[in-house]
Protein chains: 2
Amino acid sequence: MTITTTQASSNERLLTPGEVAALFRVDPKTVTRWASAGRIGSIRTPGGHRRFRESEVRSMLADLTSEATLPPSRP
Amino acid sequence: MTITTTQASSNERLLTPGEVAALFRVDPKTVTRWASAGRIGSIRTPGGHRRFRESEVRSMLADLTSEATLPPSRP
DNA sequence: TACAATTAGGGTAATTAGGGCT
DNA sequence: ATTGTCCTAATTACCCTAATTG
């Protein structure tokens, strides 16, 4: 099952640095550093504050779930 | 408009390696080894640091507790 | 306009990753 | 075989003030 939420960027829900930080269990400053380093896409408000695409954040969380790929059981 | 949050694992509370280590009374490095060996699920921050699901950790702790509390239960 | 909360910056501690070793 | 400790490099957390947000 592949939920391909291909939403236009206009309808995309945006998250604040604090919300993203809560999801990753990190400090909001850390999310800012990710954006500065280009590790996560960001949109700037006219005042300079960052906003993040919810779909991108969720996919990052889901993708990094499994650490060690469990090999299939030996028959 | 009612958005039924279909978030499988994203809104799960996460714990840091140090927090998990404190709960198990082990060194944080040991928790890292568990993750590398696939004995415990882990999520990676974009920077490479690991986060662990609180529910999974609690479940593992419950198993330890029952093992330490209950006498050998198999006839 | 004023207000409380959040964020952007910059600097300095504290954790963590990774490997190797006992 | 699993855990603990030592090391370095990298990432993250907490301190501050000023600006933006809603």
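Residues numbered from 1 in each chain as written. Chains lettered and ligands numbered in written order. Predicted model: local features only at pLDDT ≥ 70, side-chain atom pairs only at ≥ 80, totals over all residues. Heavy atoms only, no water.

## Description of the packing of aromatic side chains
We describe a pair of aromatic rings using the distance from one ring centre to the other and the angle between the two ring planes.
Residue and element names in this part refer to chain A.
For step 1, the next point in the chain: Inspection of every chain in the model, using the stated rule, returns two aromatic pairs over all chains.
For step 2, the next point in the chain: Between Phe 24 and Trp 34, the ring centres sit 5.1 Å apart and the planes meet at 80°, which makes this aromatic pair edge-to-face. Here the residue Phe 24 occupies a position in helix H1 (residues 17–24), and Trp 34 occupies one in helix H2 (residues 28–36), the gap between them amounting to ten residues. As far as burial versus exposure is concerned, Phe 24 and Trp 34 are alike and both buried. (Phe/Tyr/Trp six-rings, centres within 6.5 Å; stacked < 30°, edge-to-face > 60°. Helix = DSSP H or I, 4+ residues; strand = E, 2+ residues; numbered from the N terminus. Buried < 20%, exposed > 50% of the residue type's maximum accessible area, 1.4 Å probe, protein only.)

## Section: H2(A)
Note: α-helices contain 3.6 residues per turn, so residues at a spacing of three or four share the same orientation.
All names here are of chain A.
For step 1, the next point in the chain: Those residues of H2 that sit buried are Thr 30, Val 31, Trp 34 and Ala 35. All buried residues of H2 lie within an arc of 145° about the axis, which places them on one face of the element. Seen from the buried face of H2, the exposed residues on the opposite side, beyond 90 degrees, are Lys 29, Arg 33 and Ser 36.
For step 2, the next point in the chain: Measuring from the side-chain oxygen of the N-cap residue of H2 to the backbone nitrogen of Lys 29 gives 3.0 Å; that N-cap residue is Asp 27.
For step 3, the next point in the chain: In the segment just after H2, Gly 38 is the residue with positive phi, at about 80°. (Arc of directions from axis to C-beta. Polar contact = N/O pair within 3.5 Å; in protein donor to acceptor, adjacent residues only side chain to side chain.)

## Some details on the side chain of B:Glu54
Residue and element names in this part refer to chain B.
For step 1, the next point in the chain: With respect to the element layout, Glu 54 can be found in helix H3 (residues 54–69).
For step 2, the next point in the chain: Polar contacts involving the side chain of Glu 54 include one to the side chain of Arg 13, which spans 2.8 Å.
For step 3, the next point in the chain: Residues in contact with Glu 54, not counting those within four places in the same chain, are Glu 12, Arg 13 and Leu 15. (Contact = heavy atoms within 4.5 Å.)

## Considerations on the environment of A:Ser36
All names here are of chain A.
For step 1, the next point in the chain: Relative to the helices and strands, Ser 36 resides in helix H2.
For step 2, the next point in the chain: In this structure Ser 36 comes out as exposed when scored by relative accessible area, which is 55%.
For step 3, the next point in the chain: Side chain to side chain, Ser 36 and Arg 50 meet in a polar contact 3.3 Å long.

Bear in mind that shape data such as this cannot, by itself, settle questions of function.
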